[in-house]
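Tertiary structure, described
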Amino acid sequence: MTDPTRPPASARRPHRGLLRLPPAAERRPAPRTKARTADSRVRNRALVLATLYQQGAMTRSDLVRNSGLTAPTVSALVTDLMTGGLVDDIGPREGTRLGKPASLVRIADDTAGVVALDLSHSDRFTGAVVNLRGRVMARAEVPIGDALGDEAAALAMRLLDDLMARAPRTVVGVGVGTPGIVDDTGVIRHAAHLGWSDLPLAGRITERFGAPAHIGNDINMAALAVLRAPDTQAQNLMVVAIEHGVGAGLVVGGRLVEGGQFAAGEIGHVTVDGGTVGSGDGDAYEDGYGAGGPCVCGRRGCLDQAISAVQLRARLDAAGADGRAAVLAAAGRALGTVLAPIVSVLNLNEVVLTGPSDLVDGALPAAAAETVRARTLEPISASLTVRSLADDTDLVLTGAACRVLAAELGVF
């Protein structure tokens, strides 16, 4: 979706990123044995921003009391943050009249922002400009058709061009959620359906736009969004997506778990056995779960075959209206069989399903929860919630923005 009010290319402003960083692949910190002055400054700056972000507008004196920093440090940091467009001076409190009242400062919610991309859809790339409170200020998308490799990467950069033209002058950073395996330098090591292998996307973005870029797996970004949501209390959770294959994003102790090879959450090719749990409603299918067919990985019985949207729709079509509930329940039992040991080992409190609402609402999550409870100790399963967020199409965008805010401002 494009915006008719978008300024022409000739009118686009250069963007002032919060930090001027080299390409992500060159950004690893040098080994050191003692703290540098710059490290303390970064921490202090993040503390001031987090205090304003969480507690709202306050005077510099308030900041000194709330942060524990010295008055000269707070004064210098606030001046730098105002120069950078991240903090506004909004004048004295209403009703203050005597003497020379102190001015309030606050986070510049709308004069600085984040650009976020979601590259997970099969037919399009989507993106948004998000303010510092997570409110979407502008949206855009670009169809990808049959684009692969460099052509697909060029489309992502074109979408960024569009969004940068509509962003505030201060762009804190760019966040991207993409399918595939992404390392900690922002290189997409492998994204099969986009034809990407060892694509240094973070480095390209930083080089082109002068803003730091944070790239992550799309489902991991969705997990960050769920963690940030006001209605989420759990700090140990998993997001399972079924729309394009099956993958999971895992949060333990409030932190994203990405794994040694950056492939944590690849549960789609865990094999599931026959229907040993439940009433046997799915026994009409080859292994009780409908996962008996050959998988793209070369094996049979993978979870992907049991619950991915494409496979599930094919079985629903074959079963007809009368068999719909049985098919979805079988898929839920397959998911529950895979989730049970993960829930038990990590004591997860929440599992969130994403995908088409007609598949992940109702019978599927109910059967998954029942199966987990049948396979785990009651004190563990009693605290588990399995729910659907099928209607939230902004999870990846929100999570990508969260990643930038956490990394660049120290707020989440």
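Before reading on, note that the structure itself is shown above.
Everything in this summary refers to the structure shown in the same document. This is a predicted model, so every value here is computed, not measured. (Residues numbered from 1 in each chain as written. Predicted model: local features only at pLDDT ≥ 70, side-chain atom pairs only at ≥ 80, totals over all residues. Heavy atoms only, no water.)

**Some remarks on the overall build of the chain**
A count of helices and strands for the chain gives 12 helices and 17 strands. Expressed as a percentage of the 412 residues in the chain, the buried residues total 51%. For the chain, the computed accessible surface area is about 18,900 Å², with 51% contributed by carbon and sulfur atoms. (Helix = DSSP H or I, 4+ residues; strand = E, 2+ residues; numbered from the N terminus. Buried < 20%, exposed > 50% of the residue type's maximum accessible area, 1.4 Å probe, protein only. Areas by Shrake-Rupley, 256 points an atom, 1.4 Å probe, with all protein chains shown as cover.)

**Notes on unusual backbone geometry**
Most peptide bonds are trans, and most residues other than glycine sit at a negative phi. Although it is not a glycine, D198 sits at a positive phi angle of roughly 55°. Tracing the backbone through its elements, the reader meets D198 in strand 11 (residues 196-199). Phi is positive for N347, which is not a glycine, with a value near 55°. Among the structural elements, N347 can be located in the loop between helix 8 (309-346) and strand 16 (350-354).

**Topic: helix 5 (residues 201-209)**
If you check which residues of helix 5 are buried, you get L201, A202, G203, I205, T206 and F209. Positioned one or two residues after helix 5, G210 has a phi angle of 70°, which is positive.

**Here we look at the packing of aromatic side chains**
Throughout the structure, instances matching the rule amount to one aromatic pair. The interplanar angle of 40° and the centroid separation of 6.4 Å between the aromatic rings of F125 and W196 together place this pair among those described as tilted. Residue F125 is found in strand 6 (residues 124-131), and its partner W196 is found in strand 11; the two are separated by 71 residues along the sequence. Each member of the pair, F125 together with W196, is buried. Between the NZ or CZ atom of R133 and the centre of the ring of Y53, over which it lies, the distance is 4.3 Å. (Phe/Tyr/Trp six-rings, centres within 6.5 Å; stacked < 30°, edge-to-face > 60°. Lys NZ or Arg CZ within 6 Å of the ring centre and 35° of its normal.)

**Structural notes on helix 4 (residues 149-166)**
With 18 residues, helix 4 extends 27 Å between its outermost C-alpha atoms, agreeing within 8% with the 26 Å of an ideal straight helix rising 1.5 Å per residue. Most of helix 4 sits out of view: 14 of its 18 residues are buried. (Expected span 1.5 Å × (residues − 1).)

**Brief notes about the sheet that holds strand 11**
Reading across from one edge, 9-10-11 is the order of the three strands in this open sheet, with antiparallel pairing throughout. Edge positions in the sheet fall to strand 9 (181-182) and strand 11, since each has one partner strand and no second. Here strand 9 pairs with strand 10 (residues 188-191) via two bridges, running antiparallel. Residue pairing for strand 10: I181 is matched across the bridge by H190. (Pairing = 2+ DSSP bridges.)

**A short note on the packing of helix 6 (residues 218-228) against helix 12 (residues 395-409)**
It is at 7 Å that the axes of helix 6 and helix 12 come closest, and there the two elements cross at 80°. The orientation of helix 6 relative to helix 12 falls into the category roughly perpendicular. Here helix 6 contributes D218, M221, A222, L224, A225, V226 and R228 to the contact with helix 12, which in turn contributes L395, V396, T398, G399, A400, C402 and R403. Taken together, the residues of the contact of helix 6 with helix 12 break down into nine nonpolar, two polar and three charged. (Axes fitted to C-alpha atoms, helices over the stretch in contact; angles between N-to-C directions. Parallel < 35°, antiparallel > 145°, perpendicular 65-115°, else oblique. Contact = heavy atoms within 4.5 Å. Nonpolar A, V, L, I, M, F, W, Y, C, P; charged D, E, K, R; others polar.)

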